[in-house]
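Geometric and topological summary
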Amino acid sequence: PKEDFAKYPRTLAADQKLCGTAGADLIFAPTVEEMYPEHSVTFVDTGTLGDHLCGATRPGHFRGVCTVVMKLFNIVQPDRSHFGAKDYQQARIIAQMVRDLNVPVEVHVEPTVREPDGLALSSRNRYLSAAERALAPRLQKALQATRERAQAGEIDAARLESALHAELSAIPGARVDYARVVDAKTLQPLARLDRPAVAAVAVFLGTTRLIDNLTLPA
């Protein structure tokens, strides 16, 4: 609610057309009132996985995500579900929820889809001005530089984070929400790259909040 809930793109007609083109037979598009009946008081908590990264500055966000995804799983009862790797923390939390609550659905995390210049696809990209859009691919370039440092032998997470933060801060008009190197499984901060890790960033360009990430070698 404090970000862009009121103006977030709601493009049902365009989504329906895309689904039809892709061969979908049915679309489930319930109303808010159907999904959140009056006097709803039960929610799905996320534990420590939701405390860091996006969860640190967006309290309650992942509780909302898990609650609605669990409701969708219960209503639709799918065999498989697919989530994008751009939202790494979200996908990790949902996979943990499915495991912990014995939900009979396979969770597949699909590679991030990018524009030719490297910018991760997002509904929010349409908010960017022309100047901001030209700068946005630098998020991916900063992450790639972090991966290259790790591949070259840098294992100190604090130094990797510092360099990543500096590169993002150098983007004109950028405001860095976070630039972290975390354990790929627990999402907890790391001291050294002695296990699978993820470099994850959230950056405001103007009023638009963009997120991205890359895995790092152990």
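For the structure, check the block above.
Quantities reported herein were computed from a predicted structural model and do not represent experimental measurements. Each chain carries its own residue numbering, running from 1 in the written order of its sequence. Only residues with pLDDT of at least 70 get local features here, since the model is predicted, and only at 80 or more are side-chain atom pairs given and counted; chain-wide, interface and lining totals rely on the full set of residues. Hydrogen atoms and water are omitted, and side-chain values are computed over all heavy atoms in the structure.

Moving on, we come to the side chain of Thr46. Each helix is a run of H or I in the DSSP string that is no shorter than four residues. Each strand is a run of E no shorter than two, and both are numbered from the N terminus. Summarising the element assignment, Thr46 is placed in the loop between α2 (32-35) and α3 (54-57). Whether two residues touch is decided by their heavy atoms; if any such pair falls within 4.5 Å, the residues are in contact. For Thr46, the contacting residues outside a window of four places in its chain are Phe62, Arg63, Cys66 and Ile93.

In this structure, Asn102 is a non-glycine residue whose phi angle is positive, near 55°. Relative to the helices and strands, Asn102 resides in the loop between α5 (88-100) and β2 (106-110). Using a 1.4 Å probe on the protein chains alone, a residue whose accessible area is under 20% of its type maximum counts as buried, one over 50% counts as exposed, and one in between counts as partly exposed. Note on Asn102: relative accessible area 66%, which makes it exposed. Of note in this structure, Leu187 is not a glycine but carries a positive phi near 65°. Within the secondary structure, Leu187 is located in the loop between β3 (174-183) and β4 (197-205).

Quick look at the sheet that holds β3 now. Overall, antiparallel pairing links the three strands, which are arranged β3-β4-β5 in an open sheet. Edge strands, defined here as strands with exactly one partner in the open sheet, are β3 and β5 (208-216). Mean inter-strand twist for the sheet, computed between neighbouring axes without regard to direction, equals 15°. Relative to β5, β4 is paired through nine bridges, and the arrangement is antiparallel. In the strand pairing of β5, Ala202 is matched with Ile211. By definition, two strands form a pair when at least two bridges between them are found by DSSP. Orientation is described by lines fitted to C-alpha atoms, with helices fitted over the stretch in contact, and by angles between N-to-C directions that extend from 0 to 180 degrees.

Here a pair means two rings of Phe, Tyr or Trp (six-membered ring of Trp) with centres within 6.5 Å. Their orientation is stacked below 30 degrees between planes, edge-to-face above 60, and tilted elsewhere. According to the stated counting rule, one finds zero aromatic pairs in the structure shown. Against the face of Phe204 rests Arg175, its NZ or CZ located 4.1 Å from the ring centre. Geometrically, a lysine NZ or arginine CZ counts as sitting over a ring once it is within 6 Å of the ring centre and also within 35 degrees of the ring normal.

Helix-helix packing is described using two parameters, namely the angle between the two axes and the distance between the axes. Look at helix α7 (residues 138-151) against helix α8 (residues 157-169): their axes get within 9 Å of each other, and the N-to-C directions meet at 155°. The orientation of α7 with respect to α8, classified from their angle, is roughly antiparallel. Taken as a pair, α7 and α8 cross one another with a handedness that is right-handed. In this structure, α7 contributes Leu139, Lys141, Ala142, Leu143, Ala145, Thr146, Arg149 and Ala150 to the contact, and α8 contributes Leu160, Ala163, Leu164, Glu167 and Leu168. In this classification, the charged set is Asp, Glu, Lys and Arg, the nonpolar set is Ala, Val, Leu, Ile, Met, Phe, Trp, Tyr, Cys and Pro, and all remaining amino acids, among them Gly, are polar. Looking at the contact of α7 with α8, its residues break down into nine nonpolar, one polar and three charged. An angle counts as roughly parallel when it lies under 35 degrees, as roughly antiparallel when it exceeds 145, as roughly perpendicular when it falls between 65 and 115, and as oblique in every other case. A clockwise turn of the near helix away from the far one marks a right-handed crossing, whereas an anticlockwise turn of less than a right angle marks a left-handed crossing.

Glancing now at the pattern of salt bridges. Note on definitions: salt bridges are taken to be side-chain nitrogens of Lys or Arg within 4 Å of carboxyl oxygens of Asp or Glu. Applying the stated criterion to the full structure yields eleven salt bridges. Between Arg99 and Asp100 there is a salt bridge, with its nearest N and O atoms 2.7 Å apart. Residue Arg99 is classed as exposed on the basis of its relative accessible area of 60%. Given the relative accessible area of 41%, Asp100 is considered partly exposed. A salt bridge links Asp194 to Arg195; the shortest N-O distance between them is 2.9 Å. On the accessibility criterion, Asp194 (48% relative accessible area) is partly exposed. The partly exposed category is assigned to Arg195, whose relative accessible area is 37%.

So, on to the pairing of β5. Burial of β5 is extensive: eight of the nine residues sit out of reach of the surface. Taking the residues between adjacent antiparallel strands as the criterion, β4 and β5 are bridged by two residues, where Gly206 takes a positive phi near 65°.

It is worth spelling out the side chain of Thr146 at this point. Inspection of the secondary structure puts Thr146 in helix α7. Owing to a relative accessible area of 0%, Thr146 belongs among the buried residues under this scheme. Setting aside chain neighbours within four positions, we find Thr146 in contact with Leu160, Leu164, Ala199 and Leu216.

With that out of the way, let us pick up the pairing of strand β1 (residues 80-84). Here β1 shows one buried face, formed by Ser81 and Phe83, and one open face, formed by Arg80, His82 and Gly84. In this sheet, β2 lies alongside β1 in parallel orientation, the contact comprising five bridges. Paired with Ser81 across the two strands is Val107, which belongs to β2. Taking the sense of rotation as the criterion, the β-α-β connection linking β1, α5 and β2 turns out right-handed. If you view a crossover with the strands going away from you and the path from the first strand over the helix to the second runs clockwise, you call it right-handed.

Worth remembering: the numbers are spatial, not functional.
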